[in-house]
Amino acid sequence: MDLTDWLKNEALELGWDYCGAADIRPYHDYLASLAGNFIYQYPMAISLIFRLSDGAVDSILGQEQDKQMSFNNYCYHAVDHMQNINAVKLTRMIEKKGFRAYPIPASYGVYPEKLAGLVSHKLVARAAGLGWVGKSGLFLTSQDGPRVRLTTILTNAGLAAGQPVSNKCGSCTVCIDDCPAGAIGEWDHDTNLPRIDVYKCYKYQEERKRKWNIKIDRCICGLCQAICPRGQRLG
Ligand code: SF4
Ligand code: SF4
């Protein structure tokens, strides 16, 4: 079995639903401008994607406080904790094969002003050909839409890279129309990027935390994830 197939098998065994390799050399300068020159040690990145529970995602359609809190704990603590532990295990397995590897935790931002982590999981997943970044700014797979959580391992292992796929949102505007914070704009055709005002989203979250008098770190409304027709399995 070749290295890429071995890696995908191990990732699926560890519970991920998707695994792909990305050649990140074309993005090195951009990534280095954010995170520094360490990135040049890693020509490849492995994208690992976990499919969220429909029960948990659908529970937030009503935007009730208790379901919201439970959903945020599920995504940002339970799922990401599990992904992080398994990324540590997979990193060790790659190192034992003689390669360098560096797991990027699933949801711990290190640049608060950009609300971003060390390396963009979405950039890597898109470069690996596992899906696209939608108008909502979320990462979507063809099968599961945005009902996914992502993580990444940087490596110098010689893996077979995927090819990016194009955006398949088409004429859909559901997330733009339904975002309660008005944080999602029309697709920017000049930059070929979504138009998201992350601070409007953040402000809406903070206002609601104050209104509900709750202390958990994240209580994102998540509607853009739940209402996207892609990946929905409601009867
Ligand atoms: S999480 Fe809620 S407020 Fe933020 S962009 Fe999505 S729908 Fe809008
Ligand atoms: S709701 Fe529609 S436009 Fe928004 S991300 Fe999903 S498919 Fe794309």
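On a predicted model such as this, the values are computed, not experimentally measured, just so you know.

About the thresholds
Residues numbered from 1 in each chain as written. Chains lettered and ligands numbered in written order. Predicted model: local features only at pLDDT ≥ 70, side-chain atom pairs only at ≥ 80, totals over all residues. Near = placed C-beta within 6 Å. Nonpolar A, V, L, I, M, F, W, Y, C, P; charged D, E, K, R; others polar. Buried ≥ 20, exposed ≤ 12 C-beta atoms within 10 Å, placed from the backbone. Helix = DSSP H or I, 4+ residues; strand = E, 2+ residues; numbered from the N terminus. Arc of directions from axis to C-beta. Contact = placed C-beta atoms within 7 Å. Pairing = 2+ DSSP bridges. Axes fitted to C-alpha atoms, helices over the stretch in contact; angles between N-to-C directions.

J.: Can you explain the site of ligand 2? Please cite residues and give values.
T.: Around ligand 2, a shell composed of G134, K135, S136, L140, C169, C172, T173, V174, C175, C228, P229 and R230 is seen. Residues of the shell around ligand 2, tallied by class, amount to seven nonpolar, three polar and two charged.

J.: Lay out helix α1 (residues 3–13) with the relevant residues and their values.
T.: The periodicity of an α-helix, 3.6 residues per turn, causes residues three or four positions apart to be oriented the same way. Along α1, the positions that sit buried rather than exposed are L7, K8 and A11. On an axial view of α1, the arc spanned by its buried residues comes to 95°, and they lie on one face. Set apart from the buried face of α1 by more than 90 degrees, the exposed residues are D5, N9 and E13. Its buried side turned inward, α1 meets β1 (18–23), β2 (44–51) and α4 (65–96). Phi for G15, located one or two positions after α1, is positive at around 115°.

J.: Lay out the site of ligand 1 with the relevant residues and their values.
T.: Around ligand 1, the structure places C179, P180, A181, A183, I184, C201, Y204, I220, C221, G222, L223 and C224. Of all the elements in the fold, those that place two or more residues in the shell around ligand 1 are α7 (198–212) and α8 (223–226).

J.: Provide a residue-level description of the environment of V57, including the pertinent values.
T.: Among the structural elements, V57 can be located in helix α3 (residues 54–58). Among the residues examined, V57 registers 26 C-beta atoms within 10 Å and is labelled buried. Between the C-alpha atoms of V57 and W212, which are 155 residues apart in sequence, the distance is 20 Å. Leaving out residues up to four positions away in the same chain, V57 has contacts with L52, R147, Q225 and A226.

J.: Run through the sheet that holds strand β3 (residues 101–104), naming residues and quoting values.
T.: With antiparallel pairing, the four strands of this open sheet are ordered in space as β1-β2-β6-β3. The strands lining the two open edges of the sheet, one partner per strand, are β1 and β3. Strand-to-strand twist of the sheet, defined as the mean angle between neighbouring strand axes without regard to direction, takes the value 25°. Strand contacts of α1: β1 and β2, with the helix running at about 140° to β1, the strand carrying the most contacts. Packing against the sheet, α4 makes contact with β2, β3 and β6 (148–155), and its axis sits at approximately 25° to β6.

J.: So what's going on with unusual backbone geometry? Residues and values would help.
T.: With a phi close to 55°, Q63 is a non-glycine residue in the positive phi region. Its place among the elements puts Q63 in the loop between α3 and α4. Taking the number of C-beta atoms within 10 Å as the measure of exposure, Q63 has 13 and is therefore partly exposed. Backbone geometry at N213 places phi at a positive 55°, although glycine is not the residue there. Structurally, N213 can be placed in the loop between α7 and α8. For N213, a count of 7 C-beta atoms within 10 Å corresponds to the exposed category.

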